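# Notes for the structure review
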Amino acid sequence: MRRNLIFVFLFLFEGSFVWGVQEFKAKDHPSDNGTAIDLFWQLPRYVKTASQQEPVLLHYNSFVIEKQDSLGNWIKLKELHPEQTHYTDSDNIAPGQNFNYRFLAYAHELKQPLTFEAQTVSFAQWFDYKKTPLLIMIVLLCGAVIYYILAAKKGRDLFIRKINGLESMDEAVGRATEKGKPILFVPGIGDLDDIQTIAGLTILSQLAYKAATYNADLLVPVSKSMVLSTAREIVKEAYLKAGKPDMYNQDKIFYLTDDQFGYVAGIDGIMIREQPAANFFLGTFYAEALILAETGFGTGAMQTAGTAQPHQLPFFVVTCDYTLIGEELFAASAYLSKAPDQLGSLKGQDLGKLVIVVFIILGVVLEIVGIPWLKTLLTLE
Amino acid sequence: MKKTVPLGITFLVGLIVISSEFIPHKPFNYINEGLENWFLIISSFAIILGQLSLIKVNSGKVKEKVENWQYYLVGLISFGVMVLCGILWGTEDAKGLAGNGDKLIAFFGQKPFEYLFSNIYQHLSSTMFALLAFFIASAAYRAFIIRSFESNLLMLAAVVVMLGRTSIGTSLTAWLPQGWRWVHLPNIADFIMNYPNNAAQRAIMISAALGIVGSSLRILLGIERSYLGGGD
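This is a predicted model, so every value here is computed, not measured. (Residues numbered from 1 in each chain as written. Chains lettered and ligands numbered in written order. Predicted model: local features only at pLDDT ≥ 70, side-chain atom pairs only at ≥ 80, totals over all residues. Heavy atoms only, no water.)

### Considerations on unusual backbone geometry
- The linkage connecting B:K26 with the following residue, B:P27, adopts the cis geometry, with an omega of 0 degrees.
- Along the chain, B:P27 turns up in the loop between α1 (4-22) and α2 (28-63).
- With a phi angle near 60 degrees, A:K338 is a residue other than glycine that sits in the positive phi range.
- Inspection of the secondary structure assignment puts A:K338 in the loop between α8 (327-337) and α9 (340-368). (Helix = DSSP H or I, 4+ residues; strand = E, 2+ residues; numbered from the N terminus.)

Dropping the structure here:
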């Protein structure tokens, strides 16, 4: 209400009147854990002194914000540019506490600064409403995936497009068996907290099973100790499942180094010495991608690579026989298992993709006609 | 039981982590940080497993005198020397068992670990990284060999981008009037990088994000179990 009262006499100051809206507010910062307070202000634009006939426009020099400490002293918090209209204080703010602020506005036309005080209590919120669009998208995508998983479990026939890179696994294992050479599986330089590494390891499970079935040798050099123990467990289970536990040799899954280029040097050495018949690079790869794949190409191995790193994909496409691009890496395990519920989740992903395509087209059209509603709705602050 | 308990833990932790993304209130706002710390602690212990594997595999090869066994021995010795230097004289500001090694610092100019790190390890690492330049050249040559319409397009785009990023490329079209600015090579290169290239990369990123959602859901719901060692 007060905001709308333009040019109303509000404040008497050293014989001069200031005109216009003036307020200073302290509010708890929304959607946070109670560690920030927002400060807003609106200042008068004119001043009228006893000696002047007409109100004079105010030119502010600077704003100073002060915060009261536990002893009641005012401590300078920040000096701000006069064009600023708000400030967020996140300096030593704890939830549930009361904070007092003082705002000083200095102007050429005023002998003393305009002074305002405000206080508020900070709170931790139970829902970050700024992430509502993200929640909607997650619910939509998860809903689609779960729907198709349930549909697949009920026996609904689902069409999944052919992924050549995964169809080639049998060919690669067969080739290794025929040549009597090992298969090299590289899970990348990511640790177990990287979903790409987990996706790579789920494929390792299928590959190890096939390798055990065809009596092919499998080498898995890793760069992270956590990946080492997981990969060993996965391969061991796969050999057990294939009924050949005696063929499992844990020394074939070994740790090289955590260092990126040391790892590359180690694997390049293995490729040159052992001459694997097939190489699989599935996981997280950065600058080492091309060094690995190009060396493998030089040895004449059949190569399959997969990563979600867009910058490394061109290198894999050029040097490998088959490349799993982006989502194909994550789809691999489900695709290879042929289990209906896993395939259902792939179908759900496709529906999610359709939803995103619709949103993109709709967003482009709405932006062209000047309606920013969808963009605003889906923009995370 | 061997699978049920881990699956239950995975589901519960996954649910909590997803919830914590939307709940800024205590204790949810500390959960992600806490779990990341747990991961770091477990990783630190797991390093021992990696080192044991390294020693076992390499010493086995040295013992059996496999072909090129000398390299495995060099690897083991390098590993041992670095570990010893770190333990005895420490790294950076941290003291080792034998103090700071002031005499060695006076001789090498820095702690033995730091000396080996900056004078051997870093150079070896840079050498490996430098190989990338040659590999890019050979891979690019193969990619640009004209075999089809698509590879023609690829080669054309690559030539334009490469020329547009060099001073020669800039001078080649610099004589064109300002009205023809859009055909200046640097501008065409920028257009290719900013629009077609960016669009393709974003498409890959969106599809990868969807794949991550699907993959995570399969793991959370216990449909995908191969990361636990098997499917049953």
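### Topic: the pairing of strand β9 (residues 86-89) of chain A
All names here are of chain A.
- Of the two faces of β9, the one lined by Y87 and D89 is fully buried and the one lined by H86 and T88 carries no buried residue.
- Of the strand pairs in this sheet, strand β4 (residues 37-42) and β9 are connected by four bridges, and their pairing is antiparallel. Bridging across to β9, L39 finds its partner in Y87. (Buried < 20%, exposed > 50% of the residue type's maximum accessible area, 1.4 Å probe, protein only. Pairing = 2+ DSSP bridges.)

### Notes on the pattern of salt bridges
- According to the stated counting rule, one finds 13 salt bridges over all chains in the structure shown.
- Salt-bridge contacts for A:K76 lead to A:E79; the nearest nitrogen and oxygen are separated by 3.0 Å.
- For B:R165, the salt bridge identified is with B:D190, shortest N-O distance 2.9 Å. One end of the pair, B:R165, is in the loop between α6 (149-164) and α7 (167-173); the other, B:D190, is in helix α8 (residues 185-220), and 25 residues separate them in sequence.
- The class of B:R165 is partly exposed, set by a relative accessible area of 49%.
- Through salt bridges with shared partners, a single ionic network connects A:D128, A:K131 and B:E21. (Salt bridge = Lys/Arg side-chain N within 4 Å of Asp/Glu carboxyl O.)

### Looking at the interface of chain B and chain A
- On the side of chain A, 74 residues touch chain B, which itself brings 59 residues to the contact.
- Summed over both sides, the interface of chain B with chain A buries roughly 5,600 Å², with 70% coming from carbon and sulfur.
- Three residues stand out in chain B for area buried against chain A, namely B:F22, B:L210 and B:R218, and they jointly supply 13% of the buried area on that side.
- The interface formed by chain B and chain A includes three salt bridges.
- Two residues, B:K56 and A:D251, come together in a salt bridge whose shortest N-O distance is 3.3 Å. (Contact = heavy atoms within 4.5 Å. Buried area = accessible area lost by both parts, 1.4 Å probe.)

### Some details on the nonpolar core
- Formed by 53 residues in total, the largest nonpolar core has its most connected members in A:I183, A:L204, A:L218 and A:F280.
- With ten residues, helix α3 (residues 195-213) of chain A is the single largest residue contributor to this core.
- Every residue in contact with A:I183, bar those within four places of it in the chain, is listed here: A:V173, A:A176, A:L207, A:A211, A:A216, A:D217, A:L218, A:L219, A:A278 and A:F280.
- A:I270, A:I291, A:A293 and B:M128 belong to the second-largest nonpolar core, a separate cluster that totals 27 residues. (Core = buried A, V, L, I, M, F, W, Y, C linked by side-chain atoms within 4.5 Å.)

### A word on the confidence of the model for chain B
All names here are of chain B.
- Taken as a whole, chain B shows an average pLDDT of 90; of its residues, 98% reach a score of 70 or greater.
- Model confidence for chain B, summarised as mean pLDDT per element, is weakest for α6 at 89 and strongest for helix α3 (residues 69-89) at 94.
- Model confidence for the complex: the whole-complex pTM is 0.84, and ipTM, which rates the interface, is 0.88. (pLDDT = per-residue confidence, 0-100.)

### Examining the packing of α1(B) against α2(B)
Residues and elements named next belong to chain B.
- Interaxial distance between α1 and α2 falls to 8 Å at its minimum, and their mutual angle equals 125 degrees. The pairing of α1 with α2 is recorded here as oblique in orientation. Both α1 and α2 take part in a crossing whose hand is left-handed. Facing α1, whose interface residues are V13, I16, V17, S19, S20 and E21, α2 presents F28, I31, N32 and L35.
- Per-class residue counts for the contact of α1 with α2 are six nonpolar, three polar and one charged. (Axes fitted to C-alpha atoms, helices over the stretch in contact; angles between N-to-C directions. Parallel < 35°, antiparallel > 145°, perpendicular 65-115°, else oblique. Left-handed = near helix turned anticlockwise from the far one by under 90°. Nonpolar A, V, L, I, M, F, W, Y, C, P; charged D, E, K, R; others polar.)

### Overview of the domain arrangement of chain B
- Along its sequence, chain B is carved into domain 1 (1-61), domain 2 (67-133) and domain 3 (144-232).
- For domain 2 of chain B and domain 3 of chain B, the distance between their C-alpha centres works out to 40 Å. (Domains from an automatic or database assignment.)

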